[in-house]
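Structure assessment
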Amino acid sequence: MKPIHRSIAEIHVDKLKVFVYQNRQVMGQSAAIFTSELIKTMFVKVESINMAFAAAPSQNEFLDSLANLPGIEWNRIRAFHLDEYLGLPSEAPQRFSRYLYERIFSRVPFMEVHYLNPGNKKTPEEVCAYYRRLLDAYPLHIACIGIGENGHIAFNDPPVADFQDPCKVKVVRLDETCRRQQVHDGCFATLEEVPTHAITLTIPAIMEAEAIVCVVPGKRKAAAVKKALEGPITTECPASILRKHPNVTFFLDLESASLILTGR
C-alpha cells in the first residue's frame, strides 16, 4: 500500500518503506490517509481491530487529520496508548491520556478506549499487569508511533530498551535526553518539572503489531532518523529494530529526513 499524496522522496531500507514530504502538514495528512486505508484493508479480514497511539506534539498533524477523515468505522476499533508519565496529577495537561483524549479519543466514536492510567488507587505494577492482560486479550493490529530524539520508541530509552523484553508493559526510568526533549517540545518549562519515571509498552509489545505507522517530523529528530535507518540495529538507537518488522512505514518531513537525503 502506498500513500495517496505524492511524496518528494521514497526510500526503502531493509524491510522499511520511507516517504518524505515537503512539510509537517502534508506529512501528517498523508500518514492519516495511509492509516485509514490500512484500517479499511484490515476490516476485510477481521471484525474489529486494536490500535495503539503515541502522544507527542510530533503527532499533532497526523492525529488531527486522522480524526477528521470520513469513512473510518471507529466503532470497530479498540484504542490503546503507548506510554504514560508517573507522578503527575490526574488533571496535569502533560498527561498523555489527556493529550490523546483531546486529539482523538474524544473526537471519534471508538468501540473502546483503554487508558494507561496510573491513578485510580492502583500501583504502577498493577496498572502494568492490567494493561498486559488487555494486550494479551486484544493483540495490536496497528501501532501508530514516533521516534524520540534519543531514538526511543514509546518510552523505551536506550538505557532500558530490550529487544527481547519478557514483559509487554513495564515501569521505566526516563533518561535525561528523553526528559530534555519534553522541555524542547514545550510540554514542560524546566527539566526539573519532567517526571523521572513512566509506564511504557515494551519494544516486543510494539513489534507484535501487524503494521506500524511511524510519524517523525522536525529537525531535532534528523539524527535519530539517520541512526534508525542507517546505523546498526542496537538498543543504543531503539528505533533501529523497526527494520526487522515486515510492515513498517515511515512518514518524514524534509527536516527530519535531511540527513538521510544527503547524497541521494
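Below, the structure is looked at part by part. (Residues numbered from 1 in each chain as written. Predicted model: local features only at pLDDT ≥ 70, side-chain atom pairs only at ≥ 80, totals over all residues. Heavy atoms only, no water.)

So, on to the packing of aromatic side chains. For any pair of aromatic rings, the description consists of the separation of the ring centres together with the inter-plane angle of the planes. Within the structure shown, the criterion is met by 14 aromatic pairs. Here the basic side chain of Arg 76 rests over the ring of Phe 43, its NZ or CZ set 3.9 Å away from the ring centre. (Phe/Tyr/Trp six-rings, centres within 6.5 Å; stacked < 30°, edge-to-face > 60°. Lys NZ or Arg CZ within 6 Å of the ring centre and 35° of its normal.)

Overall, the coordinates contain 17 salt bridges when judged by the stated rule. In this structure, the salt-bridge partner of Glu 73 is Arg 76, at a minimum N-O distance of 2.9 Å. The exposure class assigned to Glu 73 is partly exposed, which follows from its relative accessible area of 39%. Overall, Arg 76 belongs to the buried group, its relative accessible area being 15%. Here Lys 226 and Glu 230 are joined by a salt bridge, their closest N and O atoms 2.6 Å apart. With Lys 226 and Glu 230 both in helix H7 (residues 222-230) and four residues apart, this pair spans about one turn of that helix. (Salt bridge = Lys/Arg side-chain N within 4 Å of Asp/Glu carboxyl O. Buried < 20%, exposed > 50% of the residue type's maximum accessible area, 1.4 Å probe, protein only. Helix = DSSP H or I, 4+ residues; strand = E, 2+ residues; numbered from the N terminus.)

Glancing now at the side chain of Asn 150. Here Asn 150 lies in the loop between strand S7 (142-145) and strand S8 (169-173). Within polar-contact distance, the side chain of Asn 150 engages the side chain of Asp 175 at 3.2 Å. Each residue touching Asn 150, except ones within four places of it in the same chain, is listed here: Asp 157, Pro 158, Asp 175, Thr 177, Cys 178, Glu 236 and Pro 238. (Polar contact = N/O pair within 3.5 Å; in protein donor to acceptor, adjacent residues only side chain to side chain. Contact = heavy atoms within 4.5 Å.)

In this section: the nonpolar core. If you look at the biggest cluster of nonpolar residues, it comprises 49 residues, and the most contacted ones within it are Leu 201, Leu 242 and Phe 250. The leading source of residues in this core is helix H4 (residues 124-137), at five residues. Excluding residues that lie within four positions of it along the chain, Leu 242 makes contacts with Leu 16, Ile 145, Ile 153, Met 207, Ile 212, Cys 214, Val 248 and Phe 250. If you look at the next biggest cluster of nonpolar residues, it comprises 45 residues, including Leu 38, Ala 55, Tyr 85 and Phe 188. (Core = buried A, V, L, I, M, F, W, Y, C linked by side-chain atoms within 4.5 Å.)

Turning our attention to the packing of helix H2 (residues 60-68) against helix H3 (residues 96-105). The relative placement of two packed helices comes down to the angle between their axes together with the axis-to-axis distance. Put simply, H2 and H3 touch, their axes get as near as 9 Å, and they point 40° apart. As the angle between them shows, H2 and H3 are arranged oblique. Contacts from Asn 60, Leu 63, Asp 64, Leu 66 and Ala 67 of H2 reach H3 at Tyr 99, Leu 100, Arg 103 and Ile 104. (Axes fitted to C-alpha atoms, helices over the stretch in contact; angles between N-to-C directions. Parallel < 35°, antiparallel > 145°, perpendicular 65-115°, else oblique.)

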